[in-house]
Amino acid sequence: MALYPSPVGVIALATQHGKERVMAKPLWHGLGLTVRRAEQVDTDLFGSFSGEQQRPADALTTCRLKAEAGIEALGVDLGIASEGAFGPHPAVPLLPVGREWITFVDRRLNLVISEHAVSRSTNFSSCFGVSPAAIADWLQQVGFPSHALMLKSHDGEAGRTGPWLAKGVRCEQQLTELMAVAVQDSPVGLAWVETDMRAHCNPTRMASIRRLTFRLIRRLANPCPSCAAPGWGLVNTMVGLPCRWCGLATELVNIEVFGCVACGHTRQQPRRDGLTSADPAHCPYCNP
Ligand SMILES: [Zn+2]
Ligand SMILES: [Zn+2]
(Lines give C-alpha, C1' and ligand atoms only; values in the text may rest on other atoms or scores of the structure.)
(Ligands and ions follow the chains in the order given, each with its own letter.)
Protein backbone atom coordinates (compact mmCIF):
# COMPACT_ATOMS: atom_id res chain seq x y z
CA MET A 1 0.00 0.00 0.00
CA ALA A 2 1.30 3.41 -1.12
CA LEU A 3 0.32 6.60 -0.72
CA TYR A 4 0.82 9.79 1.12
CA PRO A 5 4.53 10.60 0.50
CA SER A 6 6.12 7.86 2.53
CA PRO A 7 6.99 6.99 5.17
CA VAL A 8 3.32 7.02 6.05
CA GLY A 9 2.30 6.60 9.65
CA VAL A 10 0.06 8.05 12.28
CA ILE A 11 -1.93 11.23 11.76
CA ALA A 12 -3.23 13.06 14.84
CA LEU A 13 -6.89 14.04 14.82
CA ALA A 14 -7.98 16.57 17.44
CA THR A 15 -11.67 15.92 18.04
CA GLN A 16 -13.93 15.33 20.99
CA HIS A 17 -16.93 14.87 18.76
CA GLY A 18 -16.32 11.51 17.11
CA LYS A 19 -15.07 12.79 13.77
CA GLU A 20 -12.79 9.73 13.50
CA ARG A 21 -15.98 7.84 12.58
CA VAL A 22 -16.02 9.52 9.15
CA MET A 23 -12.36 10.47 8.71
CA ALA A 24 -10.35 7.38 9.74
CA LYS A 25 -11.39 4.95 6.99
CA PRO A 26 -10.99 7.34 4.04
CA LEU A 27 -7.57 8.49 5.31
CA TRP A 28 -6.44 4.91 5.67
CA HIS A 29 -7.74 3.66 2.34
CA GLY A 30 -6.94 6.84 0.42
CA LEU A 31 -3.53 7.79 1.82
CA GLY A 32 -2.40 4.89 4.03
CA LEU A 33 -2.55 7.08 7.15
CA THR A 34 -3.60 5.73 10.54
CA VAL A 35 -5.78 8.16 12.45
CA ARG A 36 -5.13 8.47 16.17
CA ARG A 37 -7.40 10.67 18.18
CA ALA A 38 -5.52 13.32 20.21
CA GLU A 39 -7.87 13.05 23.16
CA GLN A 40 -5.69 15.26 25.36
CA VAL A 41 -6.61 18.26 23.22
CA ASP A 42 -9.63 20.10 24.61
CA THR A 43 -11.12 21.24 21.30
CA ASP A 44 -13.75 23.31 23.11
CA LEU A 45 -10.96 25.75 24.01
CA PHE A 46 -10.81 26.58 20.30
CA GLY A 47 -14.44 27.75 20.34
CA SER A 48 -17.82 26.11 20.73
CA PHE A 49 -21.02 26.39 18.70
CA SER A 50 -23.07 26.83 21.84
CA GLY A 51 -21.31 30.15 22.45
CA GLU A 52 -19.64 29.53 25.84
CA GLN A 53 -16.23 29.77 24.25
CA GLN A 54 -15.31 32.28 21.56
CA ARG A 55 -13.00 31.21 18.76
CA PRO A 56 -9.47 32.57 19.32
CA ALA A 57 -9.16 33.25 15.56
CA ASP A 58 -11.06 32.88 12.31
CA ALA A 59 -12.30 29.40 11.39
CA LEU A 60 -9.46 28.59 9.00
CA THR A 61 -6.78 29.59 11.51
CA THR A 62 -8.59 27.78 14.32
CA CYS A 63 -8.63 24.65 12.20
CA ARG A 64 -4.85 24.79 11.74
CA LEU A 65 -4.29 25.49 15.45
CA LYS A 66 -6.32 22.38 16.33
CA ALA A 67 -4.38 20.21 13.86
CA GLU A 68 -1.10 21.52 15.34
CA ALA A 69 -2.30 20.90 18.90
CA GLY A 70 -2.95 17.27 17.92
CA ILE A 71 0.57 16.98 16.48
CA GLU A 72 2.08 18.36 19.72
CA ALA A 73 -0.07 16.12 21.91
CA LEU A 74 0.88 12.89 20.13
CA GLY A 75 4.43 13.85 19.11
CA VAL A 76 3.87 12.94 15.44
CA ASP A 77 4.54 14.74 12.14
CA LEU A 78 1.02 14.77 10.70
CA GLY A 79 -2.18 16.32 11.98
CA ILE A 80 -5.71 17.00 10.76
CA ALA A 81 -8.69 18.92 12.11
CA SER A 82 -12.01 20.25 10.93
CA GLU A 83 -14.06 23.29 11.82
CA GLY A 84 -17.59 24.37 10.99
CA ALA A 85 -19.62 27.57 11.02
CA PHE A 86 -23.34 28.00 10.50
CA GLY A 87 -25.50 30.96 9.75
CA PRO A 88 -27.82 32.63 7.26
CA HIS A 89 -26.94 32.66 3.56
CA PRO A 90 -25.22 36.02 2.78
CA ALA A 91 -27.67 36.74 -0.06
CA VAL A 92 -30.77 34.88 1.17
CA PRO A 93 -31.02 35.42 4.94
CA LEU A 94 -33.85 32.92 5.39
CA LEU A 95 -31.70 30.17 3.94
CA PRO A 96 -29.27 28.59 6.41
CA VAL A 97 -25.87 27.48 5.14
CA GLY A 98 -23.14 25.37 6.68
CA ARG A 99 -19.47 26.04 6.06
CA GLU A 100 -16.82 23.46 6.78
CA TRP A 101 -13.05 23.69 6.78
CA ILE A 102 -10.55 20.87 6.99
CA THR A 103 -6.82 21.40 7.45
CA PHE A 104 -3.95 18.96 7.04
CA VAL A 105 -0.54 19.76 8.53
CA ASP A 106 2.69 17.96 7.67
CA ARG A 107 5.56 19.10 9.92
CA ARG A 108 8.09 16.99 8.02
CA LEU A 109 7.40 18.52 4.59
CA ASN A 110 6.30 21.82 6.14
CA LEU A 111 2.88 21.80 4.46
CA VAL A 112 -0.46 23.26 5.54
CA ILE A 113 -3.27 22.34 3.15
CA SER A 114 -6.91 23.30 3.64
CA GLU A 115 -10.17 22.60 1.89
CA HIS A 116 -13.40 24.50 2.38
CA ALA A 117 -17.00 23.82 1.40
CA VAL A 118 -20.26 25.72 1.65
CA SER A 119 -23.40 23.62 1.82
CA ARG A 120 -27.10 24.35 1.90
CA SER A 121 -27.53 20.89 3.34
CA THR A 122 -27.69 21.84 7.02
CA ASN A 123 -30.42 21.72 9.63
CA PHE A 124 -29.07 24.82 11.46
CA SER A 125 -32.10 26.52 12.99
CA SER A 126 -33.73 27.77 16.18
CA CYS A 127 -37.27 27.94 17.50
CA PHE A 128 -39.24 28.67 20.65
CA GLY A 129 -42.37 27.28 22.22
CA VAL A 130 -43.93 25.81 25.33
CA SER A 131 -43.73 22.10 24.52
CA PRO A 132 -42.56 19.63 21.84
CA ALA A 133 -46.15 19.43 20.57
CA ALA A 134 -46.21 23.20 20.00
CA ILE A 135 -43.11 23.03 17.76
CA ALA A 136 -43.82 19.64 16.14
CA ASP A 137 -43.35 20.87 12.55
CA TRP A 138 -40.02 22.46 13.40
CA LEU A 139 -38.84 19.31 15.19
CA GLN A 140 -39.56 17.30 12.07
CA GLN A 141 -37.87 19.87 9.84
CA VAL A 142 -34.58 19.77 11.82
CA GLY A 143 -34.53 15.97 11.93
CA PHE A 144 -35.20 15.43 15.64
CA PRO A 145 -34.52 12.95 17.24
CA SER A 146 -31.75 11.69 14.92
CA HIS A 147 -30.34 15.25 15.18
CA ALA A 148 -29.86 16.50 18.73
CA LEU A 149 -31.03 19.82 20.21
CA MET A 150 -29.92 22.31 22.87
CA LEU A 151 -32.29 24.43 24.88
CA LYS A 152 -32.57 27.25 27.40
CA SER A 153 -35.19 29.60 28.80
CA HIS A 154 -36.32 32.31 26.40
CA ASP A 155 -35.06 35.53 27.99
CA GLY A 156 -37.76 37.70 26.43
CA GLU A 157 -35.27 39.48 24.20
CA ALA A 158 -33.56 37.68 21.35
CA GLY A 159 -33.82 34.44 23.32
CA ARG A 160 -30.11 33.91 22.95
CA THR A 161 -28.56 34.97 26.22
CA GLY A 162 -28.41 32.96 29.40
CA PRO A 163 -26.87 29.55 30.04
CA TRP A 164 -27.92 26.39 28.23
CA LEU A 165 -30.13 24.09 30.25
CA ALA A 166 -29.09 21.06 28.20
CA LYS A 167 -27.27 20.07 25.00
CA GLY A 168 -27.26 16.89 22.95
CA VAL A 169 -30.95 16.21 23.64
CA ARG A 170 -32.29 13.48 21.34
CA CYS A 171 -35.08 11.90 23.39
CA GLU A 172 -38.66 13.21 23.23
CA GLN A 173 -39.41 12.45 26.88
CA GLN A 174 -36.29 14.34 27.96
CA LEU A 175 -37.18 17.25 25.67
CA THR A 176 -40.68 17.45 27.19
CA GLU A 177 -39.29 17.62 30.73
CA LEU A 178 -36.55 20.10 29.89
CA MET A 179 -38.86 22.42 27.95
CA ALA A 180 -41.20 22.50 30.97
CA VAL A 181 -38.28 23.58 33.19
CA ALA A 182 -37.20 26.23 30.66
CA VAL A 183 -40.75 27.59 30.40
CA GLN A 184 -40.96 27.84 34.21
CA ASP A 185 -37.77 29.92 34.35
CA SER A 186 -38.58 32.19 31.41
CA PRO A 187 -39.98 35.71 31.93
CA VAL A 188 -42.10 35.18 28.81
CA GLY A 189 -42.99 31.55 29.51
CA LEU A 190 -41.14 30.09 26.52
CA ALA A 191 -38.35 27.62 25.88
CA TRP A 192 -35.65 28.51 23.31
CA VAL A 193 -34.62 25.46 21.29
CA GLU A 194 -31.70 25.27 18.86
CA THR A 195 -30.06 22.59 16.72
CA ASP A 196 -26.91 21.11 18.27
CA MET A 197 -24.27 21.51 15.55
CA ARG A 198 -21.54 19.40 17.18
CA ALA A 199 -20.56 16.63 14.75
CA HIS A 200 -21.56 13.70 16.98
CA CYS A 201 -25.00 15.27 17.50
CA ASN A 202 -25.63 16.02 13.86
CA PRO A 203 -25.55 13.29 11.17
CA THR A 204 -26.04 15.88 8.38
CA ARG A 205 -22.92 17.71 9.49
CA MET A 206 -21.01 14.44 9.91
CA ALA A 207 -21.83 13.65 6.26
CA SER A 208 -20.48 17.06 5.19
CA ILE A 209 -17.23 16.39 7.06
CA ARG A 210 -16.97 13.02 5.34
CA ARG A 211 -17.39 14.60 1.88
CA LEU A 212 -14.79 17.24 2.66
CA THR A 213 -12.37 14.58 3.91
CA PHE A 214 -12.62 12.83 0.54
CA ARG A 215 -11.97 16.12 -1.23
CA LEU A 216 -8.85 16.74 0.87
CA ILE A 217 -7.60 13.22 0.19
CA ARG A 218 -7.99 13.70 -3.58
CA ARG A 219 -6.03 16.91 -3.29
CA LEU A 220 -3.24 15.37 -1.21
CA ALA A 221 -2.93 12.59 -3.77
CA ASN A 222 -2.34 15.21 -6.47
CA PRO A 223 1.36 16.19 -6.80
CA CYS A 224 2.54 19.64 -7.84
CA PRO A 225 3.60 19.55 -11.53
CA SER A 226 6.61 21.71 -10.69
CA CYS A 227 8.03 20.37 -7.39
CA ALA A 228 6.00 17.16 -6.87
CA ALA A 229 4.91 18.14 -3.35
CA PRO A 230 1.51 16.71 -2.40
CA GLY A 231 -1.59 18.91 -2.38
CA TRP A 232 -1.80 20.51 -5.81
CA GLY A 233 -5.29 22.02 -5.98
CA LEU A 234 -7.64 24.94 -6.35
CA VAL A 235 -6.26 27.97 -4.48
CA ASN A 236 -8.20 30.86 -6.02
CA THR A 237 -10.84 31.80 -8.54
CA MET A 238 -11.23 34.84 -10.82
CA VAL A 239 -14.65 36.14 -11.83
CA GLY A 240 -15.57 37.59 -15.23
CA LEU A 241 -17.23 34.79 -17.19
CA PRO A 242 -18.48 36.56 -20.36
CA CYS A 243 -22.21 36.92 -20.99
CA ARG A 244 -23.50 34.65 -23.77
CA TRP A 245 -25.43 37.52 -25.39
CA CYS A 246 -23.24 40.61 -25.08
CA GLY A 247 -19.85 39.28 -24.01
CA LEU A 248 -19.55 41.59 -20.98
CA ALA A 249 -17.89 40.18 -17.87
CA THR A 250 -20.28 38.79 -15.23
CA GLU A 251 -19.68 38.03 -11.55
CA LEU A 252 -19.44 34.30 -12.32
CA VAL A 253 -16.11 32.46 -12.04
CA ASN A 254 -14.16 32.54 -15.31
CA ILE A 255 -10.71 31.24 -14.35
CA GLU A 256 -9.69 28.68 -11.73
CA VAL A 257 -6.24 29.08 -10.21
CA PHE A 258 -4.50 25.88 -9.18
CA GLY A 259 -1.51 26.08 -6.96
CA CYS A 260 1.10 24.42 -4.74
CA VAL A 261 1.47 25.46 -1.11
CA ALA A 262 5.09 24.20 -1.06
CA CYS A 263 6.72 26.06 -3.98
CA GLY A 264 4.10 28.68 -4.84
CA HIS A 265 3.75 27.51 -8.45
CA THR A 266 0.32 28.36 -9.89
CA ARG A 267 -1.53 27.69 -13.11
CA GLN A 268 -4.66 29.40 -14.41
CA GLN A 269 -7.15 27.31 -16.29
CA PRO A 270 -10.72 27.53 -17.54
CA ARG A 271 -13.55 26.20 -15.37
CA ARG A 272 -13.43 22.45 -14.92
CA ASP A 273 -17.16 22.21 -15.64
CA GLY A 274 -16.50 23.45 -19.20
CA LEU A 275 -18.76 26.50 -18.91
CA THR A 276 -17.36 29.20 -21.24
CA SER A 277 -20.17 31.77 -21.18
CA ALA A 278 -22.70 32.99 -18.63
CA ASP A 279 -26.48 32.89 -18.82
CA PRO A 280 -27.66 36.46 -19.59
CA ALA A 281 -29.62 36.27 -16.32
CA HIS A 282 -26.29 36.91 -14.57
CA CYS A 283 -25.35 39.82 -16.82
CA PRO A 284 -25.38 43.36 -15.35
CA TYR A 285 -26.10 44.77 -18.84
CA CYS A 286 -28.68 42.31 -20.26
CA ASN A 287 -30.44 41.74 -16.92
CA PRO A 288 -29.70 44.74 -14.71
ZN1 LIG B 1 5.22 22.84 -5.97
ZN1 LIG C 1 -25.05 40.48 -21.40
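Calculation rules
Residues numbered from 1 in each chain as written. Chains lettered and ligands numbered in written order. Predicted model: local features only at pLDDT ≥ 70, side-chain atom pairs only at ≥ 80, totals over all residues. Heavy atoms only, no water. Donors = N, O, S within 2.8 Å, 3.2 Å for Na, K, Ca; no water. Tetrahedral: all angles 85-135°; square planar, octahedral: opposite > 155°, others 65-115°. Helix = DSSP H or I, 4+ residues; strand = E, 2+ residues; numbered from the N terminus. Buried < 20%, exposed > 50% of the residue type's maximum accessible area, 1.4 Å probe, protein only. Pairing = 2+ DSSP bridges. Contact = heavy atoms within 4.5 Å. Axes fitted to C-alpha atoms, helices over the stretch in contact; angles between N-to-C directions. Disulfide = S-S within 2.5 Å.

1. So, the coordination of the zinc ion (ligand 1)
Note on metal sites: the ideal angle is 109.5 degrees for four tetrahedral donors, and 90 or 180 degrees for six octahedral donors. For the zinc ion (ligand 1), every protein donor is listed as Cys224 (SG), Cys227 (SG), Cys260 (SG) and Cys263 (SG), and the spread of their distances is 2.3 Å. With four donor atoms in place around the zinc ion (ligand 1) and angles of 104 to 114° between them, the coordination shape is tetrahedral. Donor residues for the zinc ion (ligand 1) sit on one chain with the sequence pattern C-x2-C-x32-C-x2-C. Taken as a pair, cysteine 224 in the loop between helix H5 (203-220) and strand S10 (233-239) and cysteine 260 in the loop between strand S11 (253-259) and strand S12 (266-270) lie far apart in primary sequence, 36 residues in all. Summarising the burial analysis for this pair, cysteine 224 and cysteine 260 share the class buried.

2. Topic: the pairing of S11
Pairing of S10 with S11, which is carried by six bridges, proceeds in the antiparallel orientation. Across the sheet, the residue bridging to methionine 238 is isoleucine 255, located in S11. Across five bridges, the pairing between S11 and S12 is antiparallel. Each bridged residue has a counterpart across the sheet, and for glycine 259 the counterpart in S12 is threonine 266.

3. Concerning the environment of histidine 89
Here histidine 89 shows up in the loop between strand S3 (78-88) and strand S4 (96-106). Put simply, histidine 89 and valine 118 are 29 residues apart on the chain and 9.8 Å apart in space, counted from C-alpha to C-alpha. Not counting residues within four places of it along the chain, the set of residues in contact with histidine 89 comprises Leu95, Pro96 and Val97.

4. Points about the sheet that holds S11
Two pairing modes exist for strands in a sheet, parallel and antiparallel, and in both the strands are linked by backbone hydrogen bonds. On the basis of which strands lie adjacent, the open sheet formed by three strands has the order S10-S11-S12 and antiparallel pairing. Only two strands of the sheet have a single neighbouring strand rather than two, namely S10 and S12. Here the average twist between neighbouring strands, direction ignored, is 30°.

5. Thoughts on the state of the cysteines
Following the criterion strictly, the structure yields zero disulfides and no others. For cysteine 127, which is in no disulfide, the shortest distance to another cysteine sulfur is to cysteine 201 and amounts to 18 Å. For cysteine 127, a relative accessible area of 15% translates into the label buried.

6. What to know about the side chain of threonine 15
Within the secondary structure layout, threonine 15 lies in the loop between strand S1 (10-13) and helix H1 (20-31). When neighbours within four sequence positions are excluded, threonine 15 is seen to be in contact with Glu20, Arg37 and Thr43.

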